[in-house]
Amino acid sequence: SWKKVTGITGYEIVYATNKSFKGAKTVKVTDGEKTFKKLTSKKTYYVKVRAYKNVSGKTYYGAYCKAKTVKVK
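Residues numbered from 1 in each chain as written. Predicted model: local features only at pLDDT ≥ 70, side-chain atom pairs only at ≥ 80, totals over all residues. Heavy atoms only, no water.

**Q** Kindly report on unusual backbone geometry, identifying the contributing residues and their values.
**A** For Phe21, which is not glycine, the phi torsion reads 60° and is therefore positive. Looking at where Phe21 falls in the secondary structure, it is placed in the loop between strand E1 (10-16) and strand E2 (25-29). Under the relative-accessibility criterion, Phe21 is labelled buried at 14%. One non-glycine residue, Lys38, lies in the positive phi region at around 65°. Residue position: Lys38 is located in the loop between E2 and strand E3 (44-55). (Helix = DSSP H or I, 4+ residues; strand = E, 2+ residues; numbered from the N terminus. Buried < 20%, exposed > 50% of the residue type's maximum accessible area, 1.4 Å probe, protein only.)

What follows is the structure, encoded as structure tokens:
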């Protein structure tokens, strides 16, 4: 979960198993949290989030937050 931003359409989450985010997967959500399933156990993932807003058919993105490290149990 993360701090919510008002007046946006949703959030884009990018996660990968390496710091350079090569082969990263992207997920879009509309609320302020996301639970990932089917992750490899005992592996470290790197996650970053940014907000986006749709205006007149165009999508505008904010900056990514600093990447966070998450270790799967």
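**Q** So what's going on with the pattern of salt bridges? Which residues, and what values?
**A** Inspection of the entire model under this criterion finds one salt bridge. Among the salt bridges present, the one from Arg50 reaches Glu12, with a minimum N-O distance of 2.7 Å. Here Arg50, found in strand E3, pairs with Glu12, found in strand E1; they are 38 residues apart in sequence, far enough to count as distant. On the basis of relative accessibility, which here comes to 6%, the residue Glu12 falls in the buried class. (Salt bridge = Lys/Arg side-chain N within 4 Å of Asp/Glu carboxyl O.)

**Q** Quick rundown of the packing of aromatic side chains? Include the residues and the values.
**A** Throughout the structure, instances matching the rule amount to four aromatic pairs. Their ring planes at 70° and their centres at 5.1 Å tell us that Trp2 and Tyr11 sit as a pair that is edge-to-face. Assessed through its relative accessible area of 4%, Tyr11 is described here as buried. Geometrically, the ring pair formed by Tyr15 and Tyr45 is tilted, given 6.4 Å between the ring centres and 55° between the ring planes. Here Tyr15, found in strand E1, pairs with Tyr45, found in strand E3; they are 30 residues apart in sequence, far enough to count as distant. Judged by relative accessible area, which is 14%, Tyr15 ranks as buried. One aromatic cluster in this structure is built from Tyr15, Phe36 and Tyr45. The cationic tip of Lys48 hangs over the ring face of Phe21; the distance from NZ or CZ to the ring centre is 4.3 Å. Cation over ring: Arg50 sits above Tyr61, and NZ or CZ is 4.1 Å from the ring centre. (Phe/Tyr/Trp six-rings, centres within 6.5 Å; stacked < 30°, edge-to-face > 60°. Lys NZ or Arg CZ within 6 Å of the ring centre and 35° of its normal.)

Honestly, it's all geometry; don't read function into it.
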